[in-house]
Amino acid sequence: MLKKYVLFNLMLISAFGFAQDKKSEVQIPSPLTESKKLNKSVKEISRQLKDHTVVGLGEGTHGTKEFNEIRSEISKNLIDKNNFRIVAFESAYGDAAFLNDMVNSDTDLKAALKNYMTSIWQTKEIEDLLVWIRAYNKDHKDKVVISGFDTNELENSARILEKSDIKEGQYSELAGELKKKAVFQDEMWKKQNDPSFKLDMKAVIQNGTEGYKLAKRMDSIYGNRLGRDSELALYNLQLGFEIPYEAGKKNYDVSRDRIMADMIKKIQSGYQKKMILFAHNGHIALRPVIVDGMGGYLQETYKKGYFALATLTASGTYSATKDPRAVKNNQYASYPLPELLVNSWEEKLNQNSFENYFVNFQKDQTGFYSNSLKARFVGYGPITPATEKFTITEPLKLNECFDGLIFIKKSMAAEHLSDS
């Protein structure tokens, strides 16, 4: 009897395959270069996203060409047909504000990307998106805004404050001091890519504490006189100094995802425009998956107005850097994705008759996406035997972590911009 019971359960496990609901799925062409079919797919995906205020477009790795391409095409449609006007990246706010100026000029966009975006986004795919946005903005009064919601580099937020119309001596003094604090914090971040560098955490905490208090003081004195750009820059500085400030009080649980969510809400409310986010799956997620998940914080504010769309792939290559810190000058290389994990989401999704597809979990009737399986989330570092365990999630229900999914069966490494 026991043998029969075990055999029956093994049969159930082996039978657990892909349960398709064609009504909830949108097929995406393979390859993505089939423009007519891609346009049809993107139009339908965008139709299902258009009524949301904030749409998070995630990525299962920080270095996948197809993830960048499909998200760019969706973004174009949401901009052109559905009045989305902010495209924000998991990159520093101040840097992205200067990049926005460059997009609305005749400056070389490749150079602008290298100067003002974390290296994750310095790819041919993102350059092509910005070229499209530049052309769109030239033909429309209601322009698309390029923004960033991270605090990994702060100097350019301080530079925005220096450009303010307020010309009082005290204001200039506070802005100058904030810039010094920002420059120091940025240097401490970037120098960690040097193996010989030893971080002085006490100095970082002291600098961050002083920077945080300066930002709060400037806000209390000048907050109601600042224009939108300066107000957002000052808020970004406050958020950027918050982690070392709290560490000085022995509070080491400050969430980067909560900080990024706060910045997103501040940007969206400042412009009062619908917003698209480019970030890792772990960040756009509605609940913690490896990281805290800024998506959960956004859902608290926007309710059904926030949509979290993940992307996953089964095989191929991805780009990554061996540097421990993501900065503007990381060097990227291509790596093969590991073999599929047994009984993982990628393995099961790979069984779909569609090679590439979109599914809206809110419309799915199969219950398939409520199964609990592991998945692989890759950051900007290569997968090694020592780091692989950090790329594999705990068993998760996809439909509880995200509102929808784009699956690309076979993908390629992102095409990073060369130095030439």
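What you see is a predicted model, and the numbers here were worked out from it, not measured in a lab.

A.B. asks: Quick rundown of the packing of aromatic side chains? Include the residues and the values.
C.D. replies: In this description, an aromatic ring pair is defined by two values, namely the gap between the centres and the angle between the planes. Following the criterion strictly, the structure yields 14 aromatic pairs and no others. An aromatic cluster of three or more residues is present, and its members are Trp345, Phe361, Phe368 and Tyr369. Here the basic side chain of lysine 266 rests over the ring of tyrosine 235, its NZ or CZ set 5.0 Å away from the ring centre. Just above the ring of tryptophan 189 sits the side chain of arginine 325; from NZ or CZ to the centre is 4.9 Å.

A.B. asks: I'd like a description of the packing of helix α4 (residues 93-103) against helix α5 (residues 109-116), backed by residues and values.
C.D. replies: Viewed as axis vectors pointing N to C, α4 and α5 meet at an angle of 170°, and their least axial separation amounts to 9 Å. Considered as vectors, α4 and α5 are oriented roughly antiparallel to each other. In contact with Asp95, Ala96, Phe98, Leu99, Met102 and Val103 of α4, α5 contributes Leu109, Ala112, Leu113 and Tyr116. Class assignment of the residues belonging to the contact of α4 with α5 gives a composition of 9 nonpolar, no polar and 1 charged.

A.B. asks: Residue-level account of the pattern of salt bridges, with values.
C.D. replies: Inspection of the entire model under this criterion finds 29 salt bridges. With its nearest N and O atoms 2.7 Å apart, the salt bridge here joins arginine 47 to glutamate 44. You can see arginine 47 and its partner glutamate 44 sitting in helix α2 (residues 35-49), 3 residues apart, about one turn around the helix. For glutamate 44, a relative accessible area of 25% puts it in the partly exposed group. Here lysine 266 and glutamate 231 are joined by a salt bridge, their closest N and O atoms 3.2 Å apart.

A.B. asks: Can you break down the confidence of the model for the chain residue by residue, with the values?
C.D. replies: Confidence in the prediction for the chain averages 94 pLDDT; 94% of positions are at 70 or higher. Considering only residues more than four positions removed or in separate chains, one finds that residues 1-16, a stretch of pLDDT under 50, has 6 contacts.

A.B. asks: So what's going on with the pairing of strand β11 (residues 404-411)? Residues and values would help.
C.D. replies: Within a regular beta strand, the side chains point alternately toward one face of the sheet and then the other, so they alternate between its two faces. The buried fraction of β11 amounts to 6 of the 8 residues, a majority that puts the element mostly inside the structure. Alignment of strand β6 (residues 306-320) against β11, held across 7 bridges, turns out to be parallel. When the bridges of β11 are listed, leucine 309 appears paired with glycine 404. With 5 bridges joining them, strand β8 (residues 356-360) and β11 adopt antiparallel strand pairing. Residue pairing across strands places tyrosine 357 opposite phenylalanine 407, the latter belonging to β11.

A.B. asks: Can you explain the side chain of arginine 85? Please cite residues and give values.
C.D. replies: Structurally, the position occupied by arginine 85 is in strand β3 (residues 84-92). Here aspartate 142 takes part through its backbone oxygen, which lies 3.0 Å from a polar atom of the side chain of arginine 85. With sequence-adjacent residues up to four places away left out, arginine 85 is seen in contact with Ile79, Tyr136, Asp142, Lys143, Val144, Val145, Lys273 and Lys274.

Each value, and the rule that gives it
Residues numbered from 1 in each chain as written. Predicted model: local features only at pLDDT ≥ 70, side-chain atom pairs only at ≥ 80, totals over all residues. Heavy atoms only, no water. Phe/Tyr/Trp six-rings, centres within 6.5 Å; stacked < 30°, edge-to-face > 60°. Lys NZ or Arg CZ within 6 Å of the ring centre and 35° of its normal. Axes fitted to C-alpha atoms, helices over the stretch in contact; angles between N-to-C directions. Helix = DSSP H or I, 4+ residues; strand = E, 2+ residues; numbered from the N terminus. Parallel < 35°, antiparallel > 145°, perpendicular 65-115°, else oblique. Contact = heavy atoms within 4.5 Å. Nonpolar A, V, L, I, M, F, W, Y, C, P; charged D, E, K, R; others polar. Salt bridge = Lys/Arg side-chain N within 4 Å of Asp/Glu carboxyl O. Buried < 20%, exposed > 50% of the residue type's maximum accessible area, 1.4 Å probe, protein only. pLDDT = per-residue confidence, 0-100. Pairing = 2+ DSSP bridges. Polar contact = N/O pair within 3.5 Å; in protein donor to acceptor, adjacent residues only side chain to side chain.

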